[in-house]
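Each chain, written out:
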Amino acid sequence: MLTPETALEKREFMLREGYVLVENVLPGSFLEELRAETERLIAGHVEPSDLRYQGQHINVKAEENALIDRLLTWKPAYEALADLGFGDFRPHGTIIVLTKEAGGPPLYWHQDHMEWNDPLSLAPWPQKIALNYYLGDTSRENGCLKVIPGSHLKRVPLHDRLVPAHEQGARFIDEDHPTMFSDDPDQVYVPVKAGDLVLLDGRILHAADRNRTELRRTLVLAWHSRPGDTVPAFWQGEVPAEIAGRDPQASYEGSRIPGEYLRD
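What you see is a predicted model; the values in this text were computed from it and never measured.

### Observations concerning the packing of aromatic side chains
For the structure on display, the rule yields eight aromatic pairs. Ring centres of Y53 and F181 lie 5.1 Å apart, and the angle between their planes is 55°; on these two criteria the pair is classed as tilted. One end of the pair, Y53, is in the loop between α2 (28–43) and β2 (57–61); the other, F181, is in the loop between β7 (145–147) and β8 (188–190), and 128 residues separate them in sequence. For the residue pair Y53 and F181, the accessibility class agrees, reading buried in each case. Taking 5.8 Å as the distance between ring centres and 75° as the angle between the ring planes, the aromatic pair formed by F86 and F89 counts as edge-to-face. On the accessibility criterion, F86 (1% relative accessible area) is buried. Of the residues examined, F89 reaches a relative accessible area of 1% and is grouped as buried. By way of ring pairs, the aromatic residues Y53, Y108 and F181 are connected into one cluster.

### Here we look at the pattern of salt bridges
Pairing is possible between side chains that carry opposite charge, provided their charged atoms lie close to one another. Across all of its chains, the model carries 17 salt bridges by this definition. Across the pair R210 and E175 runs a salt bridge, and its minimum N-O distance is 2.0 Å. Pair noted here: R210 is in the loop between β10 (206–208) and β11 (217–225) and E175 is in the loop between β7 and β8, with a separation of 35 residues, a long-range link. The class of R210 is partly exposed, set by a relative accessible area of 28%. Exposure remark for E175: the relative accessible area of 36% places this residue in the partly exposed category. Taking the shortest distance from any N to any O, the salt bridge between E242 and R263 comes out at 3.0 Å. Linking E242 in helix α5 (residues 241–244) with R263 in the segment after α5, this pair joins segments that are 21 residues apart in sequence. E242 gets classed as partly exposed once you look at its relative accessible area, which sits at 29%.

What counts, and at which threshold
- Within each chain, residues carry numbers counting from 1 in the order of the written sequence.
- At least 70 in pLDDT is required for a residue's local features to be given in this predicted model, at least 80 for side-chain atom pairs to be given and counted, and no such filter applies to totals for whole chains, interfaces and linings, which use all residues.
- Based on all heavy atoms of the structure, the side-chain values leave hydrogens and waters out of the count.
- Pairing of aromatic rings covers Phe, Tyr and Trp, the last through its six-membered ring, and needs centres within 6.5 Å; plane angles under 30 degrees mean stacked, over 60 mean edge-to-face, and all others mean tilted.
- Working definition: helices are DSSP H or I runs of at least four residues, strands are E runs of at least two. Numbering for both runs from the N terminus.
- Think of it in three bands: with a 1.4 Å probe and only protein chains considered, a residue is buried below 20% of the maximum accessible area for its type, exposed above 50%, and partly exposed in between.
- Think of a salt bridge as a Lys or Arg side-chain nitrogen and an Asp or Glu carboxyl oxygen that are within 4 Å of each other.

Here is the structure:
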């Protein structure tokens, strides 16, 4: 469990920066089981050519895999979420096995928010987070995560130069694209140790460099969301008027492209 002081520090970091590291969430024995299971899944999977920048991209439902179900109910992870004030987040019931293959290409800049027309996109707290479980140590050499801190709440120049994420265009770009694989002056690398957990706000811009090693780098990603019609219990700041007046029964057309709710 996190101490109250550490939990508060990490929560404030997450709110401000859009990501946070929680160390030593998975013990060695569980890591070994997950490594063996992900390798089994990879061995029976053919990587689609349009997902070459993601590496292996394998969706697994908890209801169909006992080990994944165990991961999505892993007590230390959910204790950490509760300590941070994120105890109202619930898993979507699936995970994605993502890899950076040996010598594999970089992953382009993108953000994963798909509801930019919804006023909740303005929320100063996270509404959707990815729990990223790393099954091995990561570094700049093997393509660790890199992020642009604060880009979940503030429009940065890169937002307006990006090809829309994933299936809406980015999967089909060339590796020499001058923007999508560029270095950014505000980028921060996030190397981790095996068993660490990185929480990532779905709105933050992130990417990864090429894997320059001869070993696969594997990540298990699990999306989680909190109720859209409530304010987090820990929140003591102002609630944006657009959210306070939002009709919880309204529907909003999905969009991956940030609009009026991502401001300068």
